[in-house]
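Coordinate inspection notes
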Amino acid sequence: MQQSLIIADLHLTQVEKDKVELFNQFCTEYASKVDQLFILGDLFNTWIGDDISLNTYQSIATILAKLTKTTQVFVLAGNRDFLLSNSFEKETGCKIIKEPHLLNHNEKNYLLIHGDSLCTDDVDYQKLKKVLRNPIIQFIFLHLPKNLRLKLTGQLRKKSIEAQSYKSEKIMDVNQSAVDELMAKYPNTDLIHGHTHRQNTHKVVCYTRYVLGDWKNNQGNAIKLGESLEWLEIN
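Figured I'd write up the structure that's included with this text.

**Some points on the overall build of the protein chain**
Along its length, the protein chain carries 8 helices and 11 strands. Here the C-alpha atoms of the protein chain give a radius of gyration of 17 Å, agreeing with the 18 Å that 2.2 N^0.38 yields for 235 residues. Taking the principal axes of its C-alpha atoms as reference, the protein chain extends roughly 50 × 40 × 30 Å. Here the protein chain holds 235 residues, and the buried ones make up 46% of them. Pairs at least 24 apart in sequence give 67% of the contacts found in the protein chain among residues at least 6 apart. Put simply, the protein chain shows about 12,300 Å² of open surface, and 52% of that area lies on carbon and sulfur atoms. Averaged over its 28 positive side-chain charges, the protein chain has a centre that lies 6 Å from the centre of its 28 negative ones.

In structure tokens form, the structure reads like this:
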């Protein structure tokens, strides 16, 4: 019987060594023993292009390359690392997948997404996302010098933190109507996502929505799919 693990929102950096070690431990003790690992976005705290960030996150790339020798690893883009590209795949052995990703696992259907697309009440964020995901904007950004890319990324992150300080908790969560509209396209399917950092299980009439939490320096969480779905706490 096929076994899979699903995680999201690790927000790994090169300076938080404890969290990188926790991820390494997770890969060694858990992920290497299953068939598939799905990472639903924001594995990295920032990714400013394969040409620069692969060097920045070399230790994490090495962990992934070792893992993909035994386990298939699939990565969805998050709002922090949507610039992951071909060189990342070649270096790590991971496969980048697009959302929504429909996973048929042991005769059960799961829809996998990062989750930010469902936060439709956050109008300013959705407008910014549309700009940042524009292929022309991405092409221009990826051809800027490293220091300028770092500066622009830092400025965007600072503005994002400032904006979140005055946004309500409701605005930054998913919109239920948006979730229902999405799931109406996928009958007999449950939804798994991250992004909101609000680990929980929400059961409604037609589907169940599983929300992955973010990872701390000494604690993480994952969903394991086997004969059934179960939550794992990683520490």
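Here the narrative resumes, following the displayed structure.
**Remarks on unusual backbone geometry**
A cis geometry characterises the amide bond from Glu 99 onward to Pro 100, with omega recorded as -5°. Within the secondary structure, Pro 100 sits in the loop between β4 (95-97) and β5 (101-105). With phi around 50°, His 11 is a residue other than glycine that occupies positive phi space. By the secondary structure assignment, His 11 is in the loop between β1 (4-7) and α1 (17-29). According to the relative accessible area criterion, His 11 is buried, its value standing at 9%. Its identity as a non-glycine residue notwithstanding, His 197 has a phi of 65°, on the positive side. Checked against the element boundaries, His 197 lands in the loop between β7 (189-193) and β8 (200-203). With relative accessibility at 34%, the residue His 197 sits in the partly exposed group.

**Concerning the pairing of strand β9 (residues 208-211)**
Along a regular strand, successive side chains alternate from one face of the sheet to the other. Burial of β9 is two-sided: the residues Thr 208 and Tyr 210 facing one way and the residues Arg 209 and Val 211 facing the other way are all buried. Across 3 bridges, the pairing between β7 and β9 is parallel. Bridge assignment links Leu 191 to a residue of β9, and that residue is Arg 209. Sheet analysis places β8 next to β9, joined by 4 bridges and oriented antiparallel.

Definitions and cut-offs
- Residues numbered from 1 in each chain as written.
- Predicted model: local features only at pLDDT ≥ 70, side-chain atom pairs only at ≥ 80, totals over all residues.
- Heavy atoms only, no water.
- Helix = DSSP H or I, 4+ residues; strand = E, 2+ residues; numbered from the N terminus.
- Rg over C-alpha atoms; globule rule 2.2 N^0.38 Å.
- Buried < 20%, exposed > 50% of the residue type's maximum accessible area, 1.4 Å probe, protein only.
- Contact = heavy atoms within 4.5 Å.
- Areas by Shrake-Rupley, 256 points an atom, 1.4 Å probe, with all protein chains shown as cover.
- Lys, Arg positive; Asp, Glu negative; His and termini not counted.
- Charge placed at Lys NZ, Arg CZ, Asp CG, Glu CD.
- Pairing = 2+ DSSP bridges.

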